[in-house]
Each structure stands twice: as C-alpha cells, then as structure tokens.
Amino acid sequence: MGAVVGTLTMGERTKGERRRPSRDKIDDDFELSIVCHRPEGLDKLEAQTNFSKQELQVLYRGFKNECPSGVVNEDTFKQIYAQFFPHGDASTYAHYLFNAFDSAHSGSVKFEDFIMALSTLLRGSVREKLTWTFNLYDINRDGYINKEEMTDIVRAIYDMMGKYTYPALKTDTPKQHVDAFFQKMDKNRDGVVTLDEFILSCQEDENIMRSLQLFKNVI
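Under an unreviewed UniProt entry, the name given to the protein chain is EF-hand domain-containing protein, and the organism recorded is Hucho hucho. Under the UniProt heading Subcellular location (unreviewed entry), the entry covering the protein chain gives this text: "Cell membrane".

Undergrad: What is the right way to read the overall build of the protein chain from this model?
TA: Helix and strand counts for the protein chain come out as twelve helices and four strands. Scored against the burial criterion, the 219 residues of the protein chain give a buried share of 35%. When the accessible surface of the protein chain is summed, it comes to about 13700 Å², and 54% of that surface belongs to carbon and sulfur atoms.

Undergrad: I would appreciate a short explanation of the packing of aromatic side chains in the present structure.
TA: Here a ring pair, both rings aromatic, is described through the centre-centre distance and the interplanar angle of the planes. The final tally for this structure, using the stated rule, is 13 aromatic pairs. Plain terms: the ring middles of phenylalanine 63 and phenylalanine 114 are 5.5 Å apart, the flat faces sit at 35° to each other, and that makes the pair tilted. Taken together, the residues span a long stretch of sequence, with phenylalanine 63 in helix 4 (residues 53-66) and phenylalanine 114 in helix 7 (residues 111-123) at a distance of 51 residues. Measuring from centroid to centroid gives 6.0 Å for phenylalanine 77 and tyrosine 81, while their planes differ by 15°, and the two rings are stacked. Of this pair, phenylalanine 77 and tyrosine 81 both sit in helix 5 (residues 74-82), four residues apart, which is roughly one turn of that helix. Under the relative-accessibility criterion, phenylalanine 77 is labelled buried at 13%.

Undergrad: Help me understand helix 8 (residues 126-137), please; the structure alone is not making it clear to me.
TA: Residues that lie three or four places apart on an α-helix share one face, since the helix turns once every 3.6 residues. The end-to-end C-alpha distance of helix 8, which contains twelve residues, comes to 17 Å, matching closely the 16 Å that a straight helix rising 1.5 Å per residue would cover. Taken together, the buried positions of helix 8 are Lys129, Leu130, Trp132, Phe134, Leu136 and Tyr137.

Undergrad: Looking at this model, I keep getting lost on the UniProt feature "domain: EF-hand" (unreviewed entry) in the protein chain. Mind explaining?
TA: The UniProt record annotates "domain: EF-hand" (unreviewed entry) at residues 89-124, 125-160 and 173-208. The span residues 89-124 carries 67% helix and 8% strand; its end-to-end C-alpha distance comes to 29 Å. Split by type, residues 125-160 is 72% helix and 6% strand. Its first and last C-alpha atoms lie 27 Å apart.

Undergrad: I'm lost on the packing of helix 6 (residues 91-101) against helix 9 (residues 147-161) in this one. Help?
TA: Helix-helix packing is characterised by the crossing angle of the two axes and by the distance between the axes. Taken N-terminus to C-terminus, the directions of helix 6 and helix 9 make an angle of 130°; their axes are 7 Å apart at the nearest point. Comparing their axes, helix 9 and helix 6 come out oblique. Note that helix 6 runs across helix 9; the crossing there is left-handed. In this structure, helix 6 contributes Thr92, Tyr93 and Tyr96 to the contact, and helix 9 contributes Asp152, Ile153, Ala156, Ile157 and Met160.

Undergrad: It is not clear to me how the pattern of salt bridges should be interpreted in this structure. Could you clarify?
TA: Pairing between side chains of opposite charge can happen when their charged atoms approach one another. Considering all chains together, one arrives at ten salt bridges under this definition. Of the charged contacts in the structure, one is a salt bridge between arginine 210 and glutamate 206, with a shortest N-O distance of 3.9 Å. With arginine 210 and glutamate 206 both in helix 12 (residues 206-212) and four residues apart, the pair spans about one turn of that helix. You can call glutamate 206 exposed: its relative accessible area is 59%. Here the salt bridges do not stand alone but share partners, grouping Lys147, Lys175 and Asp179 into one network.

Undergrad: It is not clear to me how helix 6 should be interpreted in this structure. Could you clarify?
TA: All of the buried residues along helix 6 are Tyr93, Ala94, Tyr96, Leu97, Phe98, Ala100 and Phe101. Close packing links the buried residues of helix 6 with strand 1 (71-73), helix 5, strand 2 (108-110), helix 7, helix 8 and helix 9.

Undergrad: Looking at this structure, I do not really get the environment of cysteine 67. What am I missing?
TA: Its place among the elements puts cysteine 67 in the loop between helix 4 and strand 1. The spatial distance from the C-alpha of cysteine 67 to the C-alpha of lysine 110 is 9.4 Å, given a sequence separation of 43 residues. Contacts of cysteine 67, omitting those with residues within four sequence positions, involve Val72 and Ile80.

Undergrad: So what exactly am I meant to see when it comes to the side chain of threonine 49 here?
TA: Turning to its location among the elements, threonine 49 is positioned in the loop between helix 3 (42-48) and helix 4. According to the relative accessible area criterion, threonine 49 is buried, its value standing at 8%. Looking at threonine 49, its side chain comes within polar contact range of the main-chain oxygen of leucine 45, at 2.8 Å. For threonine 49, the side chain forms a polar contact with the main-chain nitrogen of phenylalanine 51, separated by 3.3 Å. Non-local contacts of threonine 49, meaning those with residues more than four positions away in its chain, are made with Leu56, Ile115, Met116 and Ser119.

What counts, and where the lines are drawn
- Residues numbered from 1 in each chain as written.
- Predicted model: local features only at pLDDT ≥ 70, side-chain atom pairs only at ≥ 80, totals over all residues.
- Heavy atoms only, no water.
- UniProt positions renumbered as here; feature names shortened; annotations may be inferred.
- Helix = DSSP H or I, 4+ residues; strand = E, 2+ residues; numbered from the N terminus.
- Buried < 20%, exposed > 50% of the residue type's maximum accessible area, 1.4 Å probe, protein only.
- Areas by Shrake-Rupley, 256 points an atom, 1.4 Å probe, with all protein chains shown as cover.
- Phe/Tyr/Trp six-rings, centres within 6.5 Å; stacked < 30°, edge-to-face > 60°.
- Expected span 1.5 Å × (residues − 1).
- Axes fitted to C-alpha atoms, helices over the stretch in contact; angles between N-to-C directions.
- Parallel < 35°, antiparallel > 145°, perpendicular 65-115°, else oblique.
- Left-handed = near helix turned anticlockwise from the far one by under 90°.
- Contact = heavy atoms within 4.5 Å.
- Salt bridge = Lys/Arg side-chain N within 4 Å of Asp/Glu carboxyl O.
- Polar contact = N/O pair within 3.5 Å; in protein donor to acceptor, adjacent residues only side chain to side chain.

Here it is as structure tokens:
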C-alpha cells in the first residue's frame, strides 16, 4: 500500500508546470467512453471504498473484460460464477449472490455495485463483513433470518460444491447444519435471527472469524 501511495504522490508538479495526461489515463478514458455504462470517477470510488486508484483501475479492466457493456445481468453473472464450480450447480447460490450485489434492485450489477461489495468483503471491518453476509441470508429483506432462508442458502452452497466432495454429503446434511447454526444463533428462541444475534454468534466462532481474514490481502 505504501508503494501505491508513493506512486500517486510522485506525479505532483509545481504550480506553474503543466500536467501531461498519463498513457494509462488516456487508455482508461477511452475504454470508459465506449461502454454502455460509464462508472463513477475513480476519485469518488476511491473515497467510497478501501481500494486505491491503481487497484480500482485493475479491477475495472477485469470487470470490463467479462462485461464489455459495463453492466452484468443475472444470467451472465450465473455463467461467470459457474466457471468456478464446474462439478456442481452454482445457479441458485449465484442468484442469491447477485441479489446481494444488486443493492438497488435494478436487475443488473454495475461496476460500482461490484466494487462496493468487494471493498466490504475484502477490506471492511468485521461488523461490515458480517452485516453484508447477513443481508445475503436475509432473502426477503425483512431484517431477520428465518430457518427457511438459512436452509435455502446452505442448500444452495451444497449444490454448488457438487457431488464430488469428500467425504460424500448425505441428503439431510444441509438441514443438520442449519439446525445446529440456528440453535446457536437464535439467542432468545423466537424463531428468527436478528443482525445483532448473527454478529454476536459469528464473533464467538473462531472458524468464522478466521475465514473473514482469508482474503484480506488478496488484491
């Protein structure tokens, strides 16, 4: 990160010196001008996320390679996601994940939607990461997770992993896991899990807390 900051500050000029646009900036401006959706300026996205301007440029080019129009619909999102899980059916989980990325409920995910979620998942605080995950599980967006919603997500994850897991999964394994998770998380036994209950339970689980740190420095 220090190298990134150093690169940003090396370009400063004296007050009377005229700035010359960098080749990268010319290329980026040209690329942004030919897509259907032009994302917000990098300065604004840098202020809103935990990524540097250089990181945003790299991420945008990768996003544009997969989605030349600048936006991705659910069918395309599913096709991209399925490539990572060739032995399973990732369509249902990708559906839930797409809805979590599509925070505006517009039916499409723009670069801004993608980058805001990625910033939270990779560089956000523990509470921010867990809140985003809670919203993924809260399928009907009523502010609670019920057992049916958790079962749907967990079953989708098992379907995504496929039949080639070892040891082989039994048909009732998702239900068993949901029963165990739900009993742990539903602190007041009212049949639903609130955000506070979800965060508290996850913070008490060492495995979950370790998993939150796995991708901290992936970019």
